[in-house]
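Examination of the molecular architecture
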Amino acid sequence: MKYAIIPAAGLATRFLPASKCVPKELFPVFDKPAIQYIVEESVDAGITAAVFVTGTGKEAILDHFDVIDPKFPLSKLENNVRTEVEKLSSMIKAVSVKQEAPLGLGHAVLVGAGPVKDESFAVMLPDMLVISKGKDSAMKKMTELHKETGKSVIALMKIPHEKKSSYGIVEGIKVNENTIEITKMMEKPTPCDTESNLAIVGRYIFTPEIIEILKSTKPGKGGEIQLTDAMVELMNREKVLGLIIDDDNLVFDTGNGEGFVLANVYTALQKSSSFSAKALAIMEKYDTLNRSKFDKRPWGWWRSLDFEEGSFQVKHIFVA
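These numbers were taken from a predicted model, which means no experiment stands behind them.

Here we take up the environment of Pro189. Relative to the elements of secondary structure, Pro189 occurs in the loop between strand 10 (179-187) and strand 11 (198-206). Given the relative accessible area of 4%, Pro189 is considered buried. Linking Pro189 and Lys163, residues 26 residues apart in sequence, is a C-alpha distance of 9.5 Å. Setting aside chain neighbours within four positions, we find Pro189 in contact with Lys164, Ser165, Tyr167, Ile169 and Thr194.

This is the structure we're talking about:
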């Protein structure tokens, strides 16, 4: 499998004004733009070409994977920084195609499928950041399952039942501990609509059949060509497998502010040995932990007090 299609034409209105001129996909998650994590995940899976489906004002995404701008004096950069920057241009073959109008995820995939021809390909949504806790990325495990079976593979994660209405949910027949054959898909169901709590993550591997289906898929909800509608039809023609990835991966929805910040915090905790102590010091200094109220701790109850009386200070009182 050579290609990954990465839809990146969204306007990111939830991040305005930050996204007014800068593509949200280039917002940094600690020390790298979010889109780079997606590309690195695809490279780990053996993918050699990324098709970025972009829109107006997204040209900088392709620039990020180009050679370094001459304005940066290479000789003055630290060796590790220079190495990290220089490898971007050789990381993957980057192709950009433009989605002229926001006609849905299905339409974006169809636009991006131009270079793919008659072969299987991946679709990776940049709003979903999947960080592996082991040595293999989610996409690599999906690629291995696709090679073994020849089937389309969709990444799944377990979510709380009350969150179902925010995701595409699937039902299926268990194949093994982490794999199901998908039998039904529902777009943002209510908790009463299904017992399943398996949500689609935003990582897909499709056989070429999906392209022909998308060509004939009619606009659905919102007048857009929905990828879910095409996947339902794909299930009618061939088996589609679901791989449950959340046992080995952390999934952050960086399409909203809270998920984006959480991804940054987690990455900072992993990459900076001093971040945890500094963050805790700030929270304590500015009382963001709300220490003036009772906080439940694993070993009892605490109340924080800050006052001086004579020659001593009282910081905490333990209540058994």
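This is not the end of the story, as more comes after the structure.
A separate point is a nonpolar patch on the surface. Together, Val261, Val265 and Leu269 give the surface a local cluster of nonpolar side chains, amounting to about 220 Å² of exposed area. Mapped onto the fold, Val265 is located in helix 9 (residues 257-271).

Attention now goes to the packing of helix 7 (residues 209-216) against helix 8 (residues 227-237). For the pair helix 7 and helix 8, the least separation of the axes is 9 Å and the interaxial angle reads 125°. Looking at the two axes, helix 7 sits oblique to helix 8. The hand of the helix 7/helix 8 crossing is right-handed. Within the contact between the two elements, helix 7 uses Glu209, Ile210, Ile213 and Leu214 and helix 8 uses Leu227, Ala230, Met231, Glu233, Leu234 and Arg237. Class assignment of the residues belonging to the contact of helix 7 with helix 8 gives a composition of seven nonpolar, no polar and three charged.

Let us look at the environment of Leu26. Relative to the helices and strands, Leu26 resides in the loop between strand 1 (3-7) and strand 2 (28-29). A residue is classified by how much of its surface remains accessible, and Leu26, at 18% relative accessible area, is buried. With 10 residues separating them in the primary sequence, Leu26 and Gln36 have C-alpha atoms 8.1 Å apart.

For the rest of this paragraph, the subject is helix 1 (residues 34-44). With respect to burial, helix 1 is a largely interior element, eight of its 11 residues being buried. Listed in full, the buried residues belonging to helix 1 are Ala34, Ile35, Gln36, Tyr37, Ile38, Val39, Glu41 and Ser42. One or two residues past the end of helix 1 sits Gly46, with phi positive at roughly 90°.

Turning our attention to the confidence of the model for the protein chain. Per-residue confidence for the protein chain gives a mean pLDDT of 84, with 89% of residues at or over 70. Within the protein chain, strand 6 (residues 121-124) carries the highest mean pLDDT (96), whereas strand 15 (residues 300-309) carries the lowest (45).

As a further point, take the pattern of salt bridges. Summed over all chains, the structure comprises 12 salt bridges. Residue Asp31 pairs with Lys271 through a salt bridge whose shortest N-O separation is 3.0 Å. With Asp31 in the loop between strand 2 and strand 3 (32-33) and Lys271 in helix 9, this pair connects stretches of sequence that are 240 residues apart. For Asp31, a relative accessible area of 47% gives the class partly exposed.

On to the side chain of Arg203, then. Note on placement: Arg203 falls in strand 11. A relative accessible area of 0% places Arg203 in the buried class.

Checked against the element boundaries, Ala263 lands in helix 9. For Ala263, a relative accessible area of 0% gives the class buried. A sequence separation of 133 residues divides Ala263 from Val130, and the C-alpha atoms of the two residues are 9.6 Å apart. Residue contacts for Ala263: discarding those within four places in its chain leaves Val29, Leu129, Phe252 and Thr254.

The next point concerns the pairing of strand 12 (residues 240-244). Of all the five residues making up strand 12, five are buried; the element is thus mostly covered by neighbouring parts of the structure. Burial along strand 12 is two-sided: Val240, Gly242 and Ile244 facing one way and Leu241 and Leu243 facing the other are all buried. In terms of strand pairing, strand 8 (residues 152-158) meets strand 12 through five bridges, oriented parallel. Looking at strand 12, one finds that Val153 is bridged to Leu241.

Moving on, we get to the packing of helix 5 (residues 105-112) against helix 7. Put simply, helix 5 and helix 7 touch, their axes get as near as 10 Å, and they point 125° apart. What the angle tells us is that helix 5 and helix 7 run oblique. Taken as a pair, helix 5 and helix 7 cross one another with a handedness that is left-handed. Here Gly106, Val109 and Leu110 of helix 5 lie close against helix 7, whose contacting residues are Ile211, Leu214 and Lys215.

Attention now goes to the nonpolar core. The biggest cluster of nonpolar side chains holds 46 residues, and the ones touching the most others in it are Phe52, Leu129 and Met139. For this core, the element with the most residues is helix 1, which contributes five residues. Val170, Ile200, Ile210 and Ile225 belong to the second largest nonpolar core, which has 34 residues in total.

It is worth spelling out a negative patch on the surface at this point. Negative charge collects at one region of the surface, where Glu59, Asp63, Asp66 and Asp69 lie side by side. Looking at where Asp63 falls in the secondary structure, it is placed in helix 2 (residues 59-64).

Thresholds applied
Residues numbered from 1 in each chain as written. Predicted model: local features only at pLDDT ≥ 70, side-chain atom pairs only at ≥ 80, totals over all residues. Heavy atoms only, no water. Helix = DSSP H or I, 4+ residues; strand = E, 2+ residues; numbered from the N terminus. Buried < 20%, exposed > 50% of the residue type's maximum accessible area, 1.4 Å probe, protein only. Contact = heavy atoms within 4.5 Å. Patch = residues over 30% accessible without salt bridge, like charges linked within 9 Å, V, L, I, M, F, W, Y side chains within 5 Å. Areas by Shrake-Rupley, 256 points an atom, 1.4 Å probe, with all protein chains shown as cover. Salt bridge = Lys/Arg side-chain N within 4 Å of Asp/Glu carboxyl O. Axes fitted to C-alpha atoms, helices over the stretch in contact; angles between N-to-C directions. Parallel < 35°, antiparallel > 145°, perpendicular 65-115°, else oblique. Left-handed = near helix turned anticlockwise from the far one by under 90°. Nonpolar A, V, L, I, M, F, W, Y, C, P; charged D, E, K, R; others polar. pLDDT = per-residue confidence, 0-100. Pairing = 2+ DSSP bridges. Core = buried A, V, L, I, M, F, W, Y, C linked by side-chain atoms within 4.5 Å. Lys, Arg positive; Asp, Glu negative; His and termini not counted. Charge placed at Lys NZ, Arg CZ, Asp CG, Glu CD.

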